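Residue strings, one per chain:
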Amino acid sequence: MDGERLLDRLAAFEARYTDRIAGAYVPHLPVSSTRKNLLPPSDGFVPYACDCGEWQCWFITCNISADYGFVRWHGWSNPYRGDKSKADQGLYWSYRDFPDLNFDQEAYKATIEAALKA
């Protein structure tokens, strides 16, 4: 996005919580579900999973919506860091300040379709 990898943005954002596991993800976009998960309306998707190879170990989620000719990725979370009661232990990470990503809807659809054909 704008010349920067999404994973690098996530790692930099998560570094405010830890220097050990910030950005410890690998891409998780199975081709079989790409169209369903990335084209709105979508219930959300998992763009990155744990780098240990077990996707359910650790992952990032976000929601996708489309309005007024734009597609928006928003509502970022890591379900393993979503419990506010664990904030005093450093185990709550709020993604509220992680910026939404906005894409031109037609260019977005064309990019998804081109990637699926490749």
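To be clear, the structure that these remarks concern was listed above.
Residues numbered from 1 in each chain as written. Predicted model: local features only at pLDDT ≥ 70, side-chain atom pairs only at ≥ 80, totals over all residues. Heavy atoms only, no water.

1. Structural notes on the pattern of salt bridges
Note the following rule: The term salt bridge refers to a pairing of a side-chain nitrogen on Lys or Arg with a carboxyl oxygen on Asp or Glu at a separation within 4 Å. Exposed residues in this analysis have more than 50% of their type's maximum accessible area, buried residues have under 20%, and partly exposed residues fall in between, with area computed by a 1.4 Å probe over protein chains only.
Tallied over the full model, the rule gives four salt bridges. Of the charged contacts, one joins D8 and R5 as a salt bridge, the two residues approaching to 3.2 Å between their closest N and O atoms. Taking relative accessible area as the criterion, D8 reaches 36% and is therefore assigned partly exposed. Among the residues examined, R5 registers a relative accessible area of 51% and is labelled exposed.

2. Re unusual backbone geometry
The condition that has to hold: A helix here means a DSSP run of H or I that spans at least four residues, while a strand means a run of E at least two residues long, and both kinds are numbered starting from the N terminus.
For Y68, which is not glycine, the phi torsion reads 55° and is therefore positive. Relative to the elements of secondary structure, Y68 occurs in the loop between β3 (59–67) and β4 (70–77).

3. Structural notes on the environment of L6
When you line up the elements, L6 lands in helix α1 (residues 6–14). Of the residues examined, L6 reaches a relative accessible area of 5% and is grouped as buried. Along the chain, L6 and E113 lie 107 residues apart, while their C-alpha atoms are 20 Å from each other.

4. So, the sheet that holds β3
Here is the rule we go by: Pairing between two strands is assigned when DSSP locates at least 2 bridges connecting them. To get an axis, a line is fitted to the C-alpha atoms, and for a helix only the part in contact is used. The angle between two axes follows their N-to-C directions and goes from 0 to 180 degrees. Any two residues whose heavy atoms approach within 4.5 Å are treated as being in contact.
Taken in spatial order, the five strands make up an open sheet running β1-β2-β3-β4-β5, and their pairing is antiparallel. Among the strands making up the open sheet, the edge pair consists of β1 (25–27) and β5 (101–104). Neighbour to neighbour, the strand axes of the sheet diverge by 35° on average, direction disregarded. Summarising the sheet, β1 and strand β2 (residues 42–50) pair through three bridges and their orientation is antiparallel. Bridge pairing links Y25 to C50 in β2. Each of β2, β3 and β4 is contacted by helix α2 (residues 31–38), which is oriented at about 135° to β2, the strand it contacts most. Packed onto the sheet, helix α3 (residues 105–117) meets β3, β4 and β5 and runs at close to 85° relative to β5.

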